[in-house]
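# Understanding the architecture of this molecule
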Amino acid sequence: MPRTLIRKNPSNFKTLPLHVEATPEGLSYQSVGMPLNFAQTLQRRKPVDVADPERFALELANLGVSVRLTLHWQNRDYWVLVRQRRQDRGDVVLKLISGYVPAHELNLPLHTAIQEIAEECLLETPEGWLSGRFNDTWLPAPYSAALHYREALPFRLSPLSGAARPVRCATTQLIERPRAYVHLPTASLQLIYDLRLEVPKEAKSLSLFHVDERLEGDELVARLDRQRPDLYLMPLKDGQPVAELYTVKKDQLYPASTRGLYLAESFAQQDGWLVREERIRWKDWLRQQGLAVPEKESKLKRLAQRVLRKIVPKKKAKA
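For the protein, the name recorded in an unreviewed UniProt entry is Metal ABC transporter ATPase, with Pseudomonas azadiae as its organism.

Written out as C-alpha cells, the structure reads:
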C-alpha cells in the first residue's frame, strides 16, 4: 500500500504571471499583476503563439523550473527521469524533476529547483533516507515527520556548466545559467538547471524512489509507493545518453520497458526560445538524438548461433 508522507493545502501556493522579452542575445522576465493560486494559474495556461522564435515580448501564465540531474553512482553517470501523470494535460510522461516557482522565489528559481530534488528524488539505504547538500547548504528534509533521514552521509549536489545565452529576472542575471524556453501550449516560461548528484560511496544497498504531489479533492497529497518507484536512470557514455532505462532497488539495476513511452516537452526540439510540442515519443527522441536501441539477442537466437557454429566448421586458411 502507498504510504502518505504529507498533505498540503493547495491554496497556500501562490505564483505570478510574467512579462517576458526575448532577443537573440538573451531573455528577461519580470512579474506582472497579482499573485495567483494553483487553480487560477492552470486557467491561464492556454496556448499562445509567437511569430519570431528569437525576438518577442509577451505575457505568460507562470514560471516553471526543471533539473537535468546527472546522478553519479558506482563510478557511472545517469540522467534522472521521473514518471508523472499530468492531470492538467491528461497524459503520462517521463520528465525531468520539475515544479512551479512560487511568487517569493521568482528571482531565485535555483532555490526552487533544489527543493524539488529534495521532494521528488528519494534515496533509501537500510539505515535510512539520505539527506543532501548543495555546496555548503543543507537541502530540506520535506518528509522528516514520516521518514528517518541520515544526516551523517549526505549526497552532494553541484552545478554543471550552464547555457550559453543569459537569462535575467528583471535586470539580474540568474546564477548557474539555466537553459530557458517558452512552452507555447501552456503559455509558460521554463528554466532547466544542469546539476550533478553524487551518491556517497559508503551508501550501500541503495534504492531510488520518486514522490510527487497530486491534487486529491481539496488537498495536495504526496505518497510513497514501493511497488512503483517511478524514478528511472538513463545511462550516459562519454557524457551522451544511452537508449536504456532502469530502476534501482538495493544496488541492482532493473531494465524498464520503453513500450509506448513518451517524454515531456523538455526533450522535444527547441526552436530559438520556443518549444511547440506537448510531448515527444521515446522512439522519435532516440531518432532525433541519433541513438540506436541496443539489440538484445534472445536465448533462442544465441542457441541457434552456437548450433550453427558446430554444424558449419570454419574454413581452413589457405597456405
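### Observations concerning the layout of surface pockets
There is about 1,100 Å³ of room inside the largest pocket. Lining the largest pocket we find 45 residues, and of these F38, S98, G99, Y100 and E116 sit closest to its centre. Contributing elements (two or more residues each) for the lining of the largest pocket: α1 (38-44), β5 (62-73), β6 (76-86), β8 (97-100), α2 (109-120), β15 (179-183), β16 (188-198) and β18 (213-216). At five residues, α2 tops the list of elements feeding residues into the lining of the largest pocket. Taken together, the residues of the lining of the largest pocket break down into 13 nonpolar, 17 polar and 15 charged. In this structure, the second largest pocket encloses a volume near 590 Å³. Those elements giving two or more residues to the lining of the second largest pocket turn out to be β5, β6, β16, β21 (240-241) and α3 (282-289). The element best represented in the lining of the second largest pocket is β16, accounting for four residues. Partitioned by chemical class, the residues of the lining of the second largest pocket number 12 nonpolar, 10 polar and seven charged.

### A word on unusual backbone geometry
Not every positive phi belongs to a glycine, and S205 is a case in point at roughly 55°. Within the fold, S205 resides in the loop between β16 and β17 (207-210). In this structure S205 comes out as partly exposed when scored by relative accessible area, which is 25%. Even without glycine at this site, D251 takes up a positive phi of about 70°. As for its position among the elements, D251 is in the loop between β22 (246-249) and β23 (252-255).

### Concerning the sheet that holds strand β3 (residues 26-31)
Strand order in this open sheet of five strands is β4-β2-β3-β13-β14, and the pairing throughout is mixed. The open sheet terminates on both sides in strands that have one partner only, identified here as β4 (56-60) and β14 (172-173). One ladder, built from three bridges, connects β3 with strand β13 (residues 167-169); its direction is parallel. What sits directly across from S28, in β13, is R168.

### Here we look at the pairing of strand β10 (residues 128-134)
With seven of seven residues buried, β10 lies mostly within the body of the structure. The pairing of strand β9 (residues 121-125) with β10 spans two bridges and is antiparallel. Within β10, the residue paired with T125 across the bridge is G128. Hairpin geometry of β9 and β10 is characterised by an intervening segment of two residues between the two adjacent antiparallel strands. Where β10 meets strand β11 (residues 137-138), two bridges bridge the pair, whose relative direction is antiparallel. Residue pairing across strands places R133 opposite W138, the latter belonging to β11. Between β10 and β11, which follow one another and run antiparallel, lie two residues, and N135 among them has a positive phi close to 55°.

How each quantity is defined
- Residues numbered from 1 in each chain as written.
- Predicted model: local features only at pLDDT ≥ 70, side-chain atom pairs only at ≥ 80, totals over all residues.
- Heavy atoms only, no water.
- 1 Å grid on protein atoms, 1.4 Å probe; cavity = no way out; pocket = protein on both sides within 12 Å on 5 of 7 lines; lining within 4 Å.
- Points joined across faces, edges and corners; volume = space filled by probe spheres on them.
- Helix = DSSP H or I, 4+ residues; strand = E, 2+ residues; numbered from the N terminus.
- Nonpolar A, V, L, I, M, F, W, Y, C, P; charged D, E, K, R; others polar.
- Buried < 20%, exposed > 50% of the residue type's maximum accessible area, 1.4 Å probe, protein only.
- Pairing = 2+ DSSP bridges.

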